[in-house]
There are 2 protein chains.
Amino acid sequence: MSFAETFKALSDPARREILLMLRNKKMSAGEIGSHFDMTGATVSYHLSVLKKADLVYETKQKNFVYYELNTSVFEEIMLWFAQFKGENSDENQ
Amino acid sequence: MSFAETFKALSDPARREILLMLRNKKMSAGEIGSHFDMTGATVSYHLSVLKKADLVYETKQKNFVYYELNTSVFEEIMLWFAQFKGENSDENQ
DNA sequence: AATCTATTTAGAAAAATTTCTAAATAGTTT
DNA sequence: AAACTATTTAGAAATTTTTCTAAATAGATT
């Protein structure tokens, strides 16, 4: 996982919305797309960005592609943020 | 604070690097710039993005502009991420 | 096998971001 | 006040991202 890829993926509002939608259930590409005012091709692009960033993974069933959260990467991001907590050695200069 | 702005700001490697540099000490724009292979103007642009995202704030002293972390926004981002932890109601579908 | 349904890929246009050089600003020192 | 130092702003070029339409793929159904 690269933080560059992960944060880039998180930097788009539609992609963050998709992640929120996937919190409680896996959804097909089409189902995800129907929540947005964009073409299926565009949604597919956003899903590919999330996938490359390992924020989601897909499983295929019939001719549907289901997406779900990959929570493990969230843990790693939390660790990155943890760097900014607490260890304020030289409080002020 | 807008998550759009915050995550956009975090999506650039130089800007993440700047945030890491600011963990323990405030630094002037020039000092920050000397760690990168880019012009002062470019560094100034990145600092302005971080500032707009409320990830840093500046204080002026003499003709130096010092930057330091605004840790409160980090807390809010952590809260955003917390949405993805634990509350897995419908485990699988 | 032909058609239909769901999704992705390709290629192009539009929009946003990143970077630079040159000039402007603002405060400091001589 | 003139010159200097630190930083920002303006404007332009290069790059990347986002979006679309049209075509391609792949599996399912008739």
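What you are looking at is a predicted structure, and each value in this text was computed from that prediction instead of being measured. (Residues numbered from 1 in each chain as written. Chains lettered and ligands numbered in written order. Predicted model: local features only at pLDDT ≥ 70, side-chain atom pairs only at ≥ 80, totals over all residues. Heavy atoms only, no water.)

## A short note on the confidence of the model for chain A
In the predicted model, chain A carries a mean pLDDT of 91, and 91% of its residues have values of at least 70. When the criterion is pLDDT under 50, residues 88–93 of chain A qualifies, and its contacts beyond four places in sequence or with other chains add up to seven contacts. (pLDDT = per-residue confidence, 0-100. Contact = heavy atoms within 4.5 Å.)

## Focus: the side chain of Thr6(A)
All names here are of chain A. One can find Thr6 in helix 1 (residues 3–10). What makes Thr6 buried here is its relative accessible area of 0%. One polar contact links the side chain of Thr6 to the main-chain carbonyl oxygen of Ser2, over a distance of 2.9 Å. In contact with Thr6, other than residues within four places in its own chain, are Met1, Ala53, Leu55, Val73 and Ile77. (Helix = DSSP H or I, 4+ residues; strand = E, 2+ residues; numbered from the N terminus. Buried < 20%, exposed > 50% of the residue type's maximum accessible area, 1.4 Å probe, protein only. Polar contact = N/O pair within 3.5 Å; in protein donor to acceptor, adjacent residues only side chain to side chain.)

## A few points about the protein's contact with DNA strand D
The full set close to DNA strand D counts 21 residues, and Thr42(A), Tyr45(A), His46(A), Gly30(B) and Tyr67(B) are the nearest of them. Considering DNA strand D, the proportion of its atoms within 4 Å of the protein that are sugar or phosphate atoms stands at 74%. Contact distances for DNA strand D include 2.4 Å between a phosphate oxygen and a side-chain N or O atom of His46(A). Asn63(B) places a polar side-chain atom, nitrogen or oxygen, 2.9 Å from a base oxygen of DNA strand D. Mapped onto the surface near DNA strand D, the elements with two or more residues apiece are helix 4 (40–52) of chain A together with helix 3 (29–33), helix 4 (40–52) and strand 3 (64–69) of chain B. Taken together, the residues of the surface near DNA strand D break down into eight nonpolar, nine polar and four charged. (Near = heavy atom within 4 Å. Nonpolar A, V, L, I, M, F, W, Y, C, P; charged D, E, K, R; others polar.)

## Some details on the pattern of salt bridges
For the coordinates displayed, the defined rule picks out eight salt bridges over all chains. Between Lys85(B) and Glu75(A) there is a salt bridge whose closest N-O contact spans 3.5 Å. Residue Lys85(B) is found in the segment after helix 5 (71–82), and its partner Glu75(A) is found in helix 5 (residues 71–82); the two belong to separate chains. Overall, Glu75(A) belongs to the partly exposed group, its relative accessible area being 39%. Each member of the salt-bridge network shares a partner with another, and the members are Lys51(A), Glu58(A) and Lys60(A). (Salt bridge = Lys/Arg side-chain N within 4 Å of Asp/Glu carboxyl O.)

## Some thoughts on the protein's contact with DNA strand C
What surrounds DNA strand C is a group of 21 residues, the closest being Gly30(A), Tyr67(A), Thr42(B), Tyr45(B) and His46(B). Put simply, 74% of the atoms of DNA strand C that lie within 4 Å of the protein are in sugar or phosphate. Between DNA strand C and Asn63(A), the relevant distance is 2.9 Å, taken from a base oxygen to a side-chain nitrogen or oxygen of the residue. A distance of 3.4 Å is found between a phosphate oxygen of DNA strand C and a side-chain nitrogen or oxygen belonging to Lys62(B). Elements with a contribution of two residues or more to the surface near DNA strand C: helix 3 (29–33), helix 4 and strand 3 (64–69) of chain A together with helix 4 of chain B.

## A few points about unusual backbone geometry
All names here are of chain A. Although it is not a glycine, Lys62 adopts a positive phi angle of roughly 55°. Position of Lys62 among the secondary structure elements: in the loop between strand 2 (56–61) and strand 3. Looking at Lys62, the relative accessible area reads 80%, which means it is exposed.

## Focus: the interface of chain A and chain B
The interface of chain A with chain B comprises 31 residues on the first partner and 31 residues on the second. Carbon and sulfur atoms make up 64% of the surface buried where chain A meets chain B, a total of about 2900 Å² over both sides. Connecting chain A to chain B are two residue pairs in polar contact (both at pLDDT 80 or more). Top contributing element to the side of chain A that touches chain B by residue count: helix 5 of chain A, with seven residues. Here the residues of the side of chain A that touches chain B are counted per class, giving 13 nonpolar, eight polar and ten charged. (Buried area = accessible area lost by both parts, 1.4 Å probe.)

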